[in-house]
Amino acid sequence: MKYLLRVAIFLILVIVLAYKASAQQPAPPKSPVLVSTVLEQEINQSVSFIGSVEPRMKSLVAGEVRGLVEHFSAREGDAVKKGQILARIRVTSLKIQLKAAHAAFMEVQANQEQVKRDLIRSEKLFKEELIPLKQLEEEMSRDKALSERVLQLTAEIERLEDLISKSRILAPFDGVITKEHTEVGQWLQEGSLVVEMIDLKHLRIRVDVPERYIGKLKIGGTVPIRFDALPSYQTSGKISAIIPEADNAARTFPVDVEVENRDMTIKSGMTAQVSFSVGDTYTARLIPKDALVIRGDRNFVYIVNGDTVREEEVKLGNSVKGMVEIKGNVKTGERVVIRGNERLRPGQQVVIIGNKKGQR
């Protein structure tokens, strides 16, 4: 009995000491956050359609001269600059022909100069009736023939110089190599493909828009764009063309939207969701897009309540100048976390270090 009593007293002491030790532990620090206020704003009703991203410029780069490839530096996936050498054709025989043409030109030019001097002298002698007309005419014919020969050799030299310059196959614009069609040691014919390349900095999205909306679209109009492969990335583009011929079966009109892709985030072939303003205005709740926390296909925001946060799942609507429409259990005027929200958990304590005003 005494043994059991001692054990009980020992356990009580352990519990008391553990409680005191835990009570003396400092509370975890509050997470610093930047917040913004949920706004209420009138925006235009919109509809969204799916389109496919394609480069505005795509080129099949071919060689203009035939010959053996002695240099080939372009590789699939490489980014290249306009004017950069992609491949080079061996031109040893062309350079030999060019030297021969230059030598012939110099010889003919020297002969022509001598003939001109002789012609001047013969014209003077003919006026003095010291030589017959036939001799003068022969020298004139010889001068004319040499002049024609000079023109021929000049053209030949320009042709050979042009071929030599075309032996360097250059990138026609800034872009990315998507396919190789040759290699070092391969013989190319005139017009043989060397590479395929695309311009990824300037993209186009073609969207099929139903005819009931087409009259409400305007060239140059700005439209928000999202991408299935980039759930946290949003951008905008401009309507560049409305094709005035409908698909007879679907009764839709092709609409082209141009997108700048300076950071190369968007890839050719991606699926894009383009939103067009087509209706009357309505009242929407808006938050900065930085307030969104994305987990799979679900979107969350953290709302500040006092010195803690709560987590709310939201549905997304239209985008307006860096703001995004939300639908869910979030009220106008509440504060949403826009910085420091990546590691937050429901009920976590926070300290507000700044309040960023939303756009109206």
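Structure: see above.
Below, the structure is looked at part by part. (Residues numbered from 1 in each chain as written. Predicted model: local features only at pLDDT ≥ 70, side-chain atom pairs only at ≥ 80, totals over all residues. Heavy atoms only, no water.)

Focus: the overall build of the protein chain
So, step 1. Helix and strand content of the protein chain: 4 helices and 21 strands.
So, step 2. Evaluated residue by residue, the protein chain yields a buried proportion of 35% over its 360 residues.
So, step 3. For the protein chain, restricting intrachain contacts to residue pairs at least 6 apart in sequence, the fraction spanning at least 24 positions comes to 75%.
So, step 4. Accessible surface, the protein chain: about 22,000 Å² in total, of which carbon and sulfur atoms supply 53%. (Helix = DSSP H or I, 4+ residues; strand = E, 2+ residues; numbered from the N terminus. Buried < 20%, exposed > 50% of the residue type's maximum accessible area, 1.4 Å probe, protein only. Contact = heavy atoms within 4.5 Å. Areas by Shrake-Rupley, 256 points an atom, 1.4 Å probe, with all protein chains shown as cover.)

Observations concerning the packing of aromatic side chains
So, step 1. Under the criterion given, the structure shown has 3 aromatic pairs.
So, step 2. Consider the rings of F49 and F276, whose centres lie 6.3 Å apart with planes at 40°: the pair is tilted. Of this pair, F49 sits in strand β2 (residues 39-55) while F276 sits in strand β15 (residues 271-288), and the two are 227 residues apart along the sequence. Each member of the pair, F49 together with F276, is buried.
So, step 3. By the ring-pair criterion, three or more aromatic residues cluster together here, those being F49, Y213 and F276. (Phe/Tyr/Trp six-rings, centres within 6.5 Å; stacked < 30°, edge-to-face > 60°.)

Section: unusual backbone geometry
So, step 1. Positive phi, close to 55°, is recorded for R251, a residue that is not glycine.
So, step 2. When you line up the elements, R251 lands in the loop between β13 (230-242) and β14 (252-260).
So, step 3. Here R251 falls in the partly exposed class, since its relative accessible area comes to 44%.
So, step 4. Of note in this structure, M264 is not a glycine but carries a positive phi near 60°.
So, step 5. Topologically, M264 is positioned in the loop between β14 and β15.
So, step 6. On the basis of relative accessible area, M264 is assigned to the partly exposed category, the value being 23%.

Details of the side chain of N299
So, step 1. Looking at where N299 falls in the secondary structure, it is placed in strand β17 (residues 298-305).
So, step 2. Residue class for N299 comes out buried when judged on its relative accessible area of 14%.
So, step 3. Sequence-distant contacts of N299, defined by excluding residues within four places in its chain, comprise L292, V293, I294, E312, E313, V314 and L316.

Brief notes about the side chain of E325
So, step 1. By the element assignment, E325 lies in strand β19 (residues 323-328).
So, step 2. Although E325 lies buried, it forms no salt bridge, and the closest oppositely charged side chain, K327, sits 4.3 Å away as judged by the N-O distance.
So, step 3. Within the local environment of E325, its side chain forms a polar contact with the side chain of Y282, the two groups lying 2.7 Å apart.
So, step 4. Aside from chain neighbours lying at most four places away, what touches E325 is I43, Y282, A284, R285, L286, K315, L316, G317 and N318. (Lys, Arg positive; Asp, Glu negative; His and termini not counted. Salt bridge = Lys/Arg side-chain N within 4 Å of Asp/Glu carboxyl O. Polar contact = N/O pair within 3.5 Å; in protein donor to acceptor, adjacent residues only side chain to side chain.)

Some remarks on the sheet that holds strand β7 (residues 168-170)
So, step 1. Pairing in this open sheet of 4 strands is antiparallel, and the strands run β7-β6-β4-β9 from one edge to the other. Only two strands of the sheet have a single partner each, and these edge strands are β7 and β9 (187-188).
So, step 2. Alignment of strand β4 (residues 67-72) against strand β6 (residues 85-89), held across 3 bridges, turns out to be antiparallel. Across the sheet, residue V69 finds its bridge partner in β6, namely I89. (Pairing = 2+ DSSP bridges.)

What about the environment of P55?
So, step 1. Mapped onto the secondary structure, P55 falls in strand β2.
So, step 2. Sequence separation between P55 and M197 is 142 residues, and the spatial gap between their C-alpha atoms is 9.8 Å.
So, step 3. When near neighbours in sequence (up to four residues on either side) are disregarded, P55 contacts I198, D199, H202, L203, R204 and S268.

A look at the pattern of salt bridges
So, step 1. A complete count under the given rule lists 16 salt bridges for this structure.
So, step 2. When salt bridges with common partners are traced through the structure, they connect E64, D162 and K166 into a single cluster.

Let's talk about the layout of surface pockets
One simple way to see leftover space: roll a probe sized like a water molecule over the atoms.
So, step 1. Reported here for the largest pocket is a volume of approximately 520 Å³.
So, step 2. For the largest pocket, the lining is made up of 25 residues, of which T222, V223, P224, S277 and S319 are closest to its centre.
So, step 3. Secondary-structure elements contributing two or more residues to the lining of the largest pocket are β2, β12 (222-227), β13, β15 and β18 (308-320).
So, step 4. Taken together, the residues of the lining of the largest pocket break down into 8 nonpolar, 12 polar and 5 charged. (1 Å grid on protein atoms, 1.4 Å probe; cavity = no way out; pocket = protein on both sides within 12 Å on 5 of 7 lines; lining within 4 Å. Points joined across faces, edges and corners; volume = space filled by probe spheres on them. Nonpolar A, V, L, I, M, F, W, Y, C, P; charged D, E, K, R; others polar.)

Comments concerning the sheet that holds strand β5 (residues 79-80)
So, step 1. A sheet is described by the order of its strands in space; here 4 strands give the open sequence β3-β10-β8-β5, paired in antiparallel fashion. Both edges of this open sheet fall to β3 (58-62) and β5, since each of them pairs with a single strand only.

Structural notes on the pairing of β18
So, step 1. Pairing of β17 with β18 involves 7 bridges; the strand directions are antiparallel. Of the residues in β18, the one forming a bridge with V301 is E312.
So, step 2. The turn joining β17 and β18, which pair antiparallel and follow one another in sequence, is formed by 2 residues; a positive phi near 70° is taken by G306.
So, step 3. Of the pairings in the sheet, the one linking β18 to β19 comprises 5 bridges and is antiparallel in character. Residue S319 lies in a different strand from β19, and its bridge partner there is V324.

Some words on empty space enclosed by the protein
So, step 1. Under the definition given, this model contains 1 cavity of 30 Å³ or more.
So, step 2. Taken together, P224, I225, R226, Q273, S275, G317, N318 and S319 make up the lining of the largest cavity.
So, step 3. When residues of the lining of the largest cavity are traced back to their parent elements, those giving at least two are β12, β15 and β18.
So, step 4. Its residues placed into classes, the lining of the largest cavity shows 2 nonpolar, 5 polar and 1 charged.

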